Amino acid sequence: MRHLLSCENLGADAATAILDTAGALKQALLGREVRKLPTLRGRTVITMFYENSTRTRVSFEIAGKWMSADVVNVSSGGSSVSKGESLRDTALTLAAAGADCVIVRHPASGAAHRLAEWLAGTHTSVVNAGDGTHEHPTQALLDAATLRERLGGLNGRRVAIVGDVLHSRVARSNVHLLTTLGAEVVLVAPPTLLPSGVERWPVNVSHELDAELSAVDAVMMLRVQAERIAGPAGPGGSNGGFFPSAREYSIAYGLSEARLRLLPEHAVVLHPGPMLRGMEIASAVADSPRAAITDQVRNGVHVRMAVLYHLLAGEEEVA
Ligand code: CP
């Protein structure tokens, strides 16, 4: 295998290898004035984003550039996608143009897998940068890197993932990766924001955030995916009672300063971003030393460097 499409198919050895490489790259670049390694010189990386992004897109671009790859960004609005060109034809065009790796974000679950199938006859690798509500594997890897740094390891740790699990590719990738690496996961959400079949996931489920906080090593707040919530208004508005109002959500599932005090001293607060401050997480909590949100972004660059390294320069293969 030569792609990174999901955490579901990423074994513990491959995941640990990526995390170890990311840590080594972080150390290698620490304090350097010029953050440039020659590792991927001559390689071409193309990002292809059909959905908006700040963190993922920028950090993949920086990761490629810090490893001396040529990085080209394609957006649906500024490309022939806006003229109706299909994802398949776009991908084959980019591969023919010389892409060694295509990094794709797409609103359709399964898009990255389809891309990998279409590119089977080429040398081009595919990285899933988020596909619909399915997976966001590099987000889970950077979350794991951050938790390893803060907690010293993941084996036996308990992580609460809180909020809109139903629409969250971040939650799905984290459930797979955290459990693969030996952590225990509790999903905390209202029943309407949990996926059907969640009872078959390798997790505990709770609807009561306050009841969970004293027993966790980390709490991962999720973004409310307003763009994926059916109905006219999404959070804060009326959509047939499917979604609690912003105020109801904040009261039941927001990480307030009072809730921060319920966490053990060592527990870490994560959020993948972008954050809805005041609703998902209080500003004072997001900006507190207990929160590792900027560390997540920082580690995102090193993790994505590591992924590119393992796909394009390393000897071992990644699922
Ligand atoms: N966490 C995350 O994927 O953020 P972006 O949408 O800004 O890339």
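Residues numbered from 1 in each chain as written. Predicted model: local features only at pLDDT ≥ 70, side-chain atom pairs only at ≥ 80, totals over all residues.

Digging into the overall build of the chain
Right, so step 1: In terms of regular secondary structure, the chain is built from 11 helices and 9 strands.
Right, so step 2: Dimensions of the chain, computed from the C-alpha atoms along their principal axes, are close to 55 × 45 × 35 Å.
Right, so step 3: A burial count over the chain gives 45% of its 319 residues as buried.
Right, so step 4: Long-range pairs, those at least 24 residues apart, make up 78% of the contacts in the chain with a sequence separation of at least 6. (Helix = DSSP H or I, 4+ residues; strand = E, 2+ residues; numbered from the N terminus. Buried ≥ 20, exposed ≤ 12 C-beta atoms within 10 Å, placed from the backbone. Contact = placed C-beta atoms within 7 Å.)

A short note on the packing of helix α5 (residues 137–151) against helix α6 (residues 169–180)
Right, so step 1: As a packed pair, α5 and α6 sit with axes 8 Å apart at the nearest point and diverge in direction by 55 degrees. Between α5 and α6, the interaxial angle falls into the category oblique. Handedness of the crossing formed by α5 with α6: right-handed. Touching Pro 137, Gln 139, Ala 140, Leu 141, Asp 143 and Ala 144 of α5 are Val 170, Ser 173, Asn 174, Leu 177 and Leu 178, all from α6. (Axes fitted to C-alpha atoms, helices over the stretch in contact; angles between N-to-C directions. Parallel < 35°, antiparallel > 145°, perpendicular 65-115°, else oblique. Left-handed = near helix turned anticlockwise from the far one by under 90°.)

Side note on helix α4 (residues 111–118)
Right, so step 1: For α4, the set of buried residues is Ala 111, Ala 112, Leu 115 and Ala 116. Along the long axis of α4, the arc covered by the buried residues comes to 140 degrees, so they all point the same way.
Right, so step 2: Contact partners of the buried residues in α4: α3 (87–96), β3 (101–106) and β4 (125–131). (Arc of directions from axis to C-beta.)

Comments concerning the UniProt feature "domain: Aspartate/ornithine carbamoyltransferase carbamoyl-P binding" (unreviewed entry) in the chain
Right, so step 1: The sites that UniProt annotates as "domain: Aspartate/ornithine carbamoyltransferase carbamoyl-P binding" (unreviewed entry) are residues 2–149.
Right, so step 2: Between the C-alpha atoms that bound residues 2–149 there is a distance of 28 Å. The span itself is 41% helix and 17% strand. (UniProt positions renumbered as here; feature names shortened; annotations may be inferred.)

Quick look at the confidence of the model for the chain
Right, so step 1: In the predicted model, the chain carries a mean pLDDT of 92, and 93% of its residues have values of at least 70.
Right, so step 2: Here residues 231–238 scores under 50 on pLDDT; set against residues more than four positions off or in separate chains, the count is 18 contacts.
Right, so step 3: For this predicted complex, the interface confidence comes out at an ipTM of 0.98, alongside a pTM of 0.94. (pLDDT = per-residue confidence, 0-100.)

Section: the UniProt feature "binding site: L-aspartate" (unreviewed entry) in the chain
Right, so step 1: As recorded in UniProt, the feature "binding site: L-aspartate" (unreviewed entry) lies at Lys 83, Arg 169 and Arg 223. Taken together, the annotated residues stretch across 141 residues and extend over separate regions, lying up to 31.6 Å apart by C-alpha.
Right, so step 2: Turning to its location among the elements, Lys 83 is positioned in the loop between β2 (70–75) and α3.
Right, so step 3: Take Lys 83: there are 6 C-beta atoms within 10 Å of it, and that puts it in the exposed class.
Right, so step 4: Looking at the secondary structure, you find Arg 169 in helix α6.
Right, so step 5: Those residues in contact with Arg 169, other than ones at most four positions away along the chain, are Gly 130, Asp 131, Gly 132, Thr 133, His 134, Glu 135 and His 136.

Points about helix α1 (residues 12–29)
Right, so step 1: Between its terminal C-alpha atoms α1 stretches 26 Å, which fits the 26 Å expected from 18 residues at 1.5 Å a residue.
Right, so step 2: Every buried residue of α1 is accounted for by Ala 15, Ile 18, Leu 19, Ala 22 and Leu 25. Along the axis of α1, the buried residues cluster in a sector spanning 120 degrees; they form a single face. Exposed and oriented more than 90 degrees from the buried face of α1 are Ala 12, Asp 13, Gln 27 and Ala 28.
Right, so step 3: In the stretch just after α1, Gly 31 is the one whose phi turns positive, near 75 degrees. (Expected span 1.5 Å × (residues − 1).)

Looking at the domain arrangement of the chain
Right, so step 1: For the chain, the assigned domains read domain 1 (12–136 + 299–312) and domain 2 (137–296).
Right, so step 2: Averaged C-alpha coordinates put domain 1 and domain 2 at centres separated by 26 Å.
Right, so step 3: Contact residues are listed per partner, giving 23 residues for domain 1 and 24 residues for domain 2.
Right, so step 4: Every element with two or more residues in the side of domain 1 that touches domain 2 is listed here: α1, α2 (55–66), β4 and α11 (293–312).
Right, so step 5: Considering only residue class, the side of domain 1 that touches domain 2 consists of 9 nonpolar, 10 polar and 4 charged. (Domains from an automatic or database assignment. Nonpolar A, V, L, I, M, F, W, Y, C, P; charged D, E, K, R; others polar.)

Considerations on the pairing of strand β5 (residues 158–162)
Here is the key point about a regular strand: its side chains alternate between the two faces of the sheet.
Right, so step 1: Here β5 lies mainly inside the structure; 4 of its 5 residues are buried.
Right, so step 2: Handedness of the crossover is the feature at issue here: the chain leaves β5, passes through α6, returns alongside strand β6 (residues 184–188), and the resulting connection is right-handed.
Right, so step 3: Alignment of β5 against strand β8 (residues 218–221), held across 4 bridges, turns out to be parallel. The partner of Val 162 across the bridge, within β8, is Met 221. (Right-handed = clockwise from strand over helix to strand, strands pointing away. Pairing = 2+ DSSP bridges.)

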